[in-house]
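# Report on the structure
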Amino acid sequence: MNIDTIVDKEYLDKSFRDIVNAPISALRGVSAKDAKALQQAFGVTTVRELSNLNFVKWASALAILADEEGMSGEERAKEELLDDAVEMTFPASDPISVDAGITRIEVPPETVNAQTDHQHAGQHEVTAGKK
């Protein structure tokens, strides 16, 4: 994190200890009017007091937990229903058989268009040369 994106210019050369003891308006984007509103609302005047504010800690903790939270019971149930439906449609337990009659449709080399079908381009040239 780049400190000059966090604090106002006048605090760039200050130590972290000085910054946390500075008025809240030392934070970039917090005006003196904003700092006064925070003081009136929460009784905080310094950056440290703001960071120690329970509301800030709770909000930060909730944001971290929300980012790490798994699916809710309803979401998990929907996911399981979807998995079951897919399993019933395409059973994953059924082995894929190579000899299951998979057919590859190929164009005879003499009818292939070598400009668009490069698979048989070499055969087409040989066939064309024999004619």
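Below: a short report on this structure. (Residues numbered from 1 in each chain as written. Predicted model: local features only at pLDDT ≥ 70, side-chain atom pairs only at ≥ 80, totals over all residues. Heavy atoms only, no water.)

Of the regular secondary structure elements, the protein holds 6 helices and 0 strands. When the helices and strands of the protein are placed in sequence order, the string is α-α-α-α-α-α. Looking at the protein as a whole, 14% of its 131 residues qualify as buried. Of all intrachain contacts in the protein linking residues separated by at least 6 positions in sequence, the fraction that spans at least 24 positions is 15%. In the form shown here, the protein has an accessible surface area of approximately 10900 Å², with 57% of it arising from carbon and sulfur atoms. (Helix = DSSP H or I, 4+ residues; strand = E, 2+ residues; numbered from the N terminus. Buried < 20%, exposed > 50% of the residue type's maximum accessible area, 1.4 Å probe, protein only. Contact = heavy atoms within 4.5 Å. Areas by Shrake-Rupley, 256 points an atom, 1.4 Å probe, with all protein chains shown as cover.)

Further remarks concern the environment of Leu27. When you line up the elements, Leu27 lands in the loop between α1 (16–20) and α2 (32–42). With 22 residues separating them in the primary sequence, Leu27 and Thr5 have C-alpha atoms 9.0 Å apart. Not counting chain neighbours up to four residues away, the residues in contact with Leu27 comprise Ile6, Val7, Asp8, Val47 and Leu50.

In this section: the packing of aromatic side chains. Here the structure, examined in full by the defined rule, presents 2 aromatic pairs. Taking 5.5 Å as the distance between ring centres and 50° as the angle between the ring planes, the aromatic pair formed by Phe42 and Phe55 counts as tilted. Placement of the pair is Phe42 in helix α2 and Phe55 in helix α4 (residues 54–68), with a sequence separation of 13 residues. Ring centres of Phe55 and Trp58 lie 5.4 Å apart, and the angle between their planes is 85°; this geometry places the pair in the edge-to-face category. (Phe/Tyr/Trp six-rings, centres within 6.5 Å; stacked < 30°, edge-to-face > 60°.)

A few words on the side chain of Thr46. Tracing the backbone shows Thr46 in the loop between α2 and α3 (47–51). Relative accessible area serves as the criterion here: at 17%, Thr46 is assigned to the buried category. Within the structure, Thr46 has its side chain in polar contact with the backbone nitrogen of Glu49 (distance 3.1 Å). Not counting the four nearest positions on each side in its chain, Thr46 is found in contact with Val20, Asn21, Ala22, Pro23 and Ile24. (Polar contact = N/O pair within 3.5 Å; in protein donor to acceptor, adjacent residues only side chain to side chain.)

With 8 residues, the main nonpolar core is built from Ile24, Leu27, Val30, Ala35, Val44, Val47, Leu50 and Leu53. Residues contacting Val44, with those up to four places away along its chain left out, are Ile24, Leu38, Gln39, Glu49, Leu50 and Leu53. Counting 5 residues, the second-largest nonpolar core is a separate cluster that includes Val7, Tyr11, Ile19 and Ala26. (Core = buried A, V, L, I, M, F, W, Y, C linked by side-chain atoms within 4.5 Å.)

What follows is about the pattern of salt bridges. For the structure shown, the criterion picks out 1 salt bridge. For Lys78, the salt bridge goes to Glu74, with nearest N and O atoms at 3.4 Å. With Lys78 and Glu74 both in helix α5 (residues 73–89) and 4 residues apart, the pair spans about one turn of that helix. (Salt bridge = Lys/Arg side-chain N within 4 Å of Asp/Glu carboxyl O.)

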